[in-house]
Amino acid sequence: MKKLYKALLFTALVAALALSVALIGGCKEDTEPTGPVSSLRGTFTYNATLGGTSEQPLKLTTDPAALTDGSFSLYCGQGAPFTNASGINFAYQINQNLVLARDFTYVYTYSIVIKNPAAWGGTYGKMETTVSGTFEFTAGGDKDEYDVRLSAPTGGTQEFFGIIAGDPNNAYNGWSPSTEPTYAQNFDYAGLFDGYDYTFIGNVKAESGELTGERTLTVDKEDNSVSDDMFYAGLFDFLALYGKY
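Residues numbered from 1 in each chain as written. Predicted model: local features only at pLDDT ≥ 70, side-chain atom pairs only at ≥ 80, totals over all residues. Heavy atoms only, no water.

### Comments concerning the nonpolar core
Line of reasoning, step 1. Ranked by size, the top nonpolar core spans 44 residues in total, and within it Phe 90, Tyr 92, Tyr 108 and Phe 236 carry the most contacts.
Line of reasoning, step 2. Elements with a minimum of two residues in this core: strand E1 (42-51), strand E4 (91-100), strand E5 (105-115), strand E6 (123-139), strand E7 (145-150), strand E12 (215-220) and helix H2 (235-241). (Core = buried A, V, L, I, M, F, W, Y, C linked by side-chain atoms within 4.5 Å. Buried < 20%, exposed > 50% of the residue type's maximum accessible area, 1.4 Å probe, protein only. Helix = DSSP H or I, 4+ residues; strand = E, 2+ residues; numbered from the N terminus.)

Okay, here's the thing in structure tokens:
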């Protein structure tokens, strides 16, 4: 009887072990990707501050004709008090973070802050964006560079925090961005609308013609950087449009 009991116990243990292996194998199989896998993936970043120095001054202009290709000026046509800040030097701070996943999806997070670079100065307004979609890529000119084409966003938001000027007679001193978004775009449903317009909606469009939307940029695997021009001459104008005083 003892031998029979041991035989039955051994058989039960083997069956339980086999079932466990099968379950583990099944779970592992379910988590494996079933489609194509991207050989280009990872996180790519870029951070910079434009202007803010005597060697690279960034001034405000109220003349749209001055915004020729390659010009380094911000534009504002909204009138006082915002145009009163045309005499100061601005700092334009950019932060970008692009995540490319193995299933050819991306998440692109970037922000732009417009500041007074002086020791007594502060932040005027800002834009914060997180969008997602799909991507494809081709080899670039350098062995570590790739041209990445991002689809138009299928999800995410873009938020603008307009300029709060306070005293309209006191140009730029004490200005700050709104604590809540004064304008926002939600891209979760953009794909449902044929011909959805991703272009910049201020009075002056950026040189690239868009703040979001389908775009081509460059990533470098050697230093995990992303190269995507985000100097928008009309951003101050847009922040002033949705600002208050």
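### Re the packing of aromatic side chains
Line of reasoning, step 1. For the structure on display, the rule yields 15 aromatic pairs.
Line of reasoning, step 2. Both rings, one in Phe 90 and one in Tyr 124, keep their centres 5.7 Å apart while their planes meet at 80°; by these two values the pair is edge-to-face. Pair noted here: Phe 90 is in the loop between strand E3 (73-75) and E4 and Tyr 124 is in strand E6, with a separation of 34 residues, a long-range link.
Line of reasoning, step 3. Overall, Phe 90 belongs to the buried group, its relative accessible area being 0%.
Line of reasoning, step 4. Judged by relative accessible area, which is 1%, Tyr 124 ranks as buried.
Line of reasoning, step 5. On the basis of an interplanar angle of 85° and a centroid distance of 5.5 Å, the ring pair of Tyr 183 and Phe 238 is categorised as edge-to-face. Separated by 55 residues along the polypeptide, Tyr 183 in strand E11 (residues 183-186) and Phe 238 in helix H2 bring together distant segments of the chain. (Phe/Tyr/Trp six-rings, centres within 6.5 Å; stacked < 30°, edge-to-face > 60°.)

### Notes on the pattern of salt bridges
Line of reasoning, step 1. Across all of its chains, the model carries 4 salt bridges by this definition.
Line of reasoning, step 2. For the salt bridge of Glu 128 with Lys 126, the shortest nitrogen-to-oxygen distance reads 3.6 Å.
Line of reasoning, step 3. Relative accessible area serves as the criterion here: at 32%, Glu 128 is assigned to the partly exposed category.
Line of reasoning, step 4. A salt bridge links Glu 214 to Arg 149, with the nearest nitrogen and oxygen atoms 3.2 Å apart. Of this pair, Glu 214 sits in the loop between E11 and E12 while Arg 149 sits in strand E7, and the two are 65 residues apart along the sequence.
Line of reasoning, step 5. With a relative accessible area of 43%, Glu 214 lands in the partly exposed category. (Salt bridge = Lys/Arg side-chain N within 4 Å of Asp/Glu carboxyl O.)

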